[in-house]
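Each chain, written out:
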Amino acid sequence: MPNIEGTYELTASDNFDEYMKAVGVSFFTRKIAGALKPTTEISKAGDEYLIKTISTFKTTELKFKLGEKFNEETADGRKCESVIVMENDARMKHNQLCNGMDLVLYRDFTDDGMTITLNAPKVVCTRVYKKISDKL
């Protein structure tokens with residue numbers, strides 16, 4: 001079972017622009033976001049998780065408890081109703097309902113990193129992160 005807490009750095013991204021286009025992100029924002037190499041920090045305090053994504057453009061934070069709905073504002077400003085669950089010891093499933101669109105993100109963890117698979121209607125994007133440190 002990998003330790004999911006720690007700091008991750010983006011190393012590869014496939015089909016991100018098409019994903020952003022499919023979910024309604026503007027051309028300008030897509031061009032900026034596509035050029036960024038964000039760092040993601042994941043921590044847990046009690047039963048509350050914090051996923052913090054840091055870039056030179058914007059920093060976002062998701063605070064949540066597994067299995068509980070919460071309101072989320074994405075980095076591009078979309079308002080979503082979300083719920084995150086652990087499907088197993090190494091996979092986090094993140095359901096979003098944004099502007100009437102059902103989206104699913106999977107975070108798959110290994111000892112060395114994390115792969116995020118973003119699913120929108122007719123588009124799948126994969127983003128690979130290398131783990132650069134354990135617990136914060």
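Scoring rules and cut-offs
- Numbers given to residues run from 1 along each chain, matching the order in which its sequence is written.
- Selection of residues for local features in this predicted model requires a pLDDT of at least 70, selection of side-chain atom pairs for listing and counting requires 80 or more, and totals for whole chains, interfaces and linings are taken over all residues.
- With hydrogens and water stripped out, all remaining heavy atoms of the structure feed into the side-chain values.
- Side-chain rings of Phe, Tyr and Trp, where Trp is taken by its six-membered ring, are said to pair if the distance between their centres is within 6.5 Å; with planes under 30 degrees apart they count as stacked, over 60 as edge-to-face, and otherwise as tilted.
- A helix here means a DSSP run of H or I that spans at least four residues, while a strand means a run of E at least two residues long, and both kinds are numbered starting from the N terminus.
- When the NZ atom of lysine or the CZ atom of arginine is within 6 Å of a ring's centre and also within 35 degrees of its normal, the charge is said to sit over that ring.
- Take a side-chain nitrogen of Lys or Arg and a carboxyl oxygen of Asp or Glu: if they are within 4 Å of each other, that pair is a salt bridge.
- With a 1.4 Å probe rolled over the protein chains alone, any residue whose accessible area is under 20% of its type maximum counts as buried; one over 50% counts as exposed, and the rest are partly exposed.
- Throughout, the protein atoms alone are placed on a 1 Å grid, and a set of points is a cavity if a 1.4 Å probe fits but cannot get out or a pocket if it is open with protein on both sides within 12 Å along at least five of seven lines; lining residues have an atom within 4 Å of a point.
- Grid points are joined across faces, edges and corners, and a volume is the space filled by probe spheres set on the points.
- Three classes are used: nonpolar for Ala, Val, Leu, Ile, Met, Phe, Trp, Tyr, Cys and Pro, charged for Asp, Glu, Lys and Arg, and polar for all others, with Gly counted as polar.

Undergrad: Break down the packing of aromatic side chains for me, citing the residues and quoting the values.
TA: Summed over all chains, the structure comprises three aromatic pairs. Judged by centre distance (5.5 Å) and plane angle (10°), the rings of Tyr 49 and Phe 64 are stacked. With a gap of 15 residues between them, Tyr 49 in strand 3 (residues 48–54) and Phe 64 in strand 4 (residues 59–65) connect regions that are remote in the sequence. A connected cluster of aromatic rings, assembled from ring pairs, spans Tyr 49, Phe 64 and Phe 70. Of note, Arg 91 hangs over the ring of Tyr 106, and the distance from its end group to the ring centre comes to 4.0 Å. Taking the ring centre of Phe 16 as reference, the NZ or CZ of Arg 127 above it sits at 3.8 Å.

Undergrad: Which residues make up the pattern of salt bridges, and what values do they have?
TA: Tallying each qualifying case throughout the model produces 11 salt bridges. Here Glu 81 ties to Lys 69 by a salt bridge, and the two come within 3.5 Å at their closest N and O atoms. Taken together, the residues span a long stretch of sequence, with Glu 81 in strand 6 (residues 79–88) and Lys 69 in the loop between strand 4 and strand 5 (70–73) at a distance of 12 residues. Glu 81 sits in the partly exposed class, given a relative accessible area of 38%. In the salt-bridge network here, residues are joined through shared partners; they are Asp 17, Arg 30 and Lys 31.

Undergrad: How would you summarise the layout of surface pockets if you had to cite specific residues and measurements?
TA: A volume near 800 Å³ is recorded for the largest pocket. Along its surface, the largest pocket is lined by 36 residues, and Phe 16, Thr 53, Thr 60, Thr 74 and Ala 75 are the ones closest to its centre. Within the residue set of the lining of the largest pocket, elements represented by two or more residues are helix 1 (16–22), helix 2 (27–35), strand 3, strand 4, strand 5, strand 8 (101–109), strand 9 (113–120) and strand 10 (123–133). If one sorts the elements of the lining of the largest pocket by residue count, strand 4 sits on top with five residues. Here the residues of the lining of the largest pocket are counted per class, giving 18 nonpolar, nine polar and nine charged. The volume enclosed by the second largest pocket comes to roughly 180 Å³. What lines the second largest pocket is Met 1, Pro 2, Asn 3, Ile 4, Glu 5, Lys 44, Tyr 49, Leu 66, Met 86, Asn 88 and Asp 89. Here the residues of the lining of the second largest pocket are counted per class, giving six nonpolar, two polar and three charged.

So yeah, pure geometry; function would need other evidence.
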